[in-house]
Structure formats: C-alpha cells, structure tokens
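# Tertiary structure, described
Given next are the chains, with one letter for each unit.
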Amino acid sequence: QVQLVESGGGLVQAGGSLRLSCAASGTIFNLSAMGWYRQAPGKPRELVAVISSGGRLNYADSVKGRFTISRDNAKNTVYLQMNSLKPEDTAVYYCKATHVDDVGVGRQYWGQGTQVTVSS
C-alpha cells in the first residue's frame, strides 16, 4: 500500500508563485509516472503535468512555460513549481502516482488534494 501526502497549497495573488510537494510512503517498490491533476468547481479533473521515472515530462497547454514538474526519486517525492499564477489556476490539486510492485502489478494512487486559490 502506498500513501501520497500533498503540501504547499494556499492563497496567492495573481502573478505569484507556489510550490506543491507530494511525498509517497508505505511499501514502495517502484514508482513509475508521478503527476499532478487539478479540479476546479463544476469542472472535471484535468491533467496538469506528469513526469516519468526517467524524467520525461508532459504538461497541459494551459500551464506550459509557467509550471515546472520535478521529482526526487531518493525521496519518493514529486514537486510542482507554479509561477505567474492566474485566477483560472484556482482548483484543488491532486497528486497521482503509479506504483509497480515486485511482481509487475501496477496500481494508481491519489493524494487527498490541496487547495490552490489565486486572487485577482
């Protein structure tokens, strides 16, 4: 079993920055892709950014050039540096990780979410 705990959300003015962290704990064998998703009120959850275990990156078009995803494999932690924040970035941000166990079975885990609010 793997647990994901996010931190770093909060209230910031437009143009400001926040850094989210997501630490994985539990019985960890191999974390493959790790990423961030967000869900605004009344909207479906959407991909923000994802990073593979080898460092391959993928971003939503809406955050390219403003957000940077990174990971520290030694700490089983993924980060999301968010710069030039806009009011439309306001959402609950969720961490997601794919864990592959020692017999090759993959399973996806979600964090509890952290609120990011950007005021205009």
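## With respect to the nonpolar core
Within the largest apolar cluster, 30 residues are counted, with the highest numbers of intra-cluster contacts made by W36, L80, M82 and Y93. Elements with a contribution of two residues or more to this core: strand 1 (2-7), strand 3 (18-26), strand 4 (30-39), strand 5 (46-51), strand 7 (67-72), strand 8 (77-82), strand 9 (91-100) and strand 11 (114-119).

## What about the pairing of strand 7?
On any regular strand, side chains alternate: one points to one face of the sheet, the next to the other face. Residues F67, I69 and R71 point to one face of strand 7 and are all buried, whereas T68, S70 and D72, pointing to the other face, are not buried. One ladder, built from 6 bridges, connects strand 7 with strand 8; its direction is antiparallel. Bridge assignment links R71 to a residue of strand 8, and that residue is V78. Here strand 7 folds back onto strand 8 in antiparallel fashion, the turn holding 4 residues, of which N76 has a positive phi close to 50°.

## Digging into the side chain of E6
Following the sequence through the fold, E6 ends up in strand 1. Here E6 occupies a buried position and makes no salt bridge, while the nearest side chain of opposite charge, R45, is found at 7.6 Å. Among the polar contacts listed, one links the side chain of E6 to the backbone nitrogen of Q112, at a separation of 3.0 Å. For E6, the side chain forms a polar contact with the main-chain nitrogen of G113, separated by 2.6 Å. The contacts of E6, once residues within four sequence positions are left out, are S21, C22, W36, Y93, Y94, C95, G111, Q112, G113 and T114.

Calculation rules
- Residues numbered from 1 in each chain as written.
- Predicted model: local features only at pLDDT ≥ 70, side-chain atom pairs only at ≥ 80, totals over all residues.
- Heavy atoms only, no water.
- Core = buried A, V, L, I, M, F, W, Y, C linked by side-chain atoms within 4.5 Å.
- Buried < 20%, exposed > 50% of the residue type's maximum accessible area, 1.4 Å probe, protein only.
- Helix = DSSP H or I, 4+ residues; strand = E, 2+ residues; numbered from the N terminus.
- Pairing = 2+ DSSP bridges.
- Lys, Arg positive; Asp, Glu negative; His and termini not counted.
- Salt bridge = Lys/Arg side-chain N within 4 Å of Asp/Glu carboxyl O.
- Polar contact = N/O pair within 3.5 Å; in protein donor to acceptor, adjacent residues only side chain to side chain.
- Contact = heavy atoms within 4.5 Å.

By themselves, these observations are geometric and do not establish any function.
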